[in-house]
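An overview of the molecular structure
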Amino acid sequence: MKDYIEERALEIAKYIIDEEATVRQTANIFGVSKSTVHKDVTERLPKINPLISKQVKSVLEKNKAERHIRGGKATKIKYSSMNK
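**Description of the overall build of the protein chain**
Counting secondary structure elements, the protein chain contains four helices and zero strands. Its helices and strands taken in sequence order, the protein chain reads α-α-α-α from the N to the C terminus. Relative to the compact-globule value of 12 Å for 84 residues, the protein chain shows a C-alpha radius of gyration of 15 Å, a clear excess of over 25%. Looking at the protein chain as a whole, 25% of its 84 residues qualify as buried.

Structure below.
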């Protein structure tokens, strides 16, 4: 694996852990696709640093469990602004 890919994977992991960010938020910040972020943290990161990989996985699982709540809030805001 190339050095810059390993560095990117570690930077992405640090960002996700520090900000408790979603894959989509992280992709926007780093200017890469969601697929790249996902591949970095699920396939590459465990080979580079298994401990950090576990921390990232727990954040992403938490985000996945909460995503229906965020979607509901976004829909509520969308339709409440349309009625004004």
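Structure's up, so let's keep going.
**Notes on the nonpolar core**
In this structure, Ile-12, Ala-13, Ile-16, Val-23, Ala-27, Val-37, Val-41, Leu-45, Val-56, Val-59 and Leu-60 together form the largest nonpolar core, which totals 11 residues. Contributing elements (two or more residues each) for this core: α1 (3-19), α2 (23-30), α3 (34-48) and α4 (50-82). What Val-23 contacts, discounting residues up to four positions off in sequence, is Lys-34, Val-37, His-38 and Leu-60.

Basis of the calculations
Residues numbered from 1 in each chain as written. Predicted model: local features only at pLDDT ≥ 70, side-chain atom pairs only at ≥ 80, totals over all residues. Heavy atoms only, no water. Helix = DSSP H or I, 4+ residues; strand = E, 2+ residues; numbered from the N terminus. Rg over C-alpha atoms; globule rule 2.2 N^0.38 Å. Buried < 20%, exposed > 50% of the residue type's maximum accessible area, 1.4 Å probe, protein only. Core = buried A, V, L, I, M, F, W, Y, C linked by side-chain atoms within 4.5 Å. Contact = heavy atoms within 4.5 Å.

Keep in mind these numbers describe shape, not what the thing actually does.
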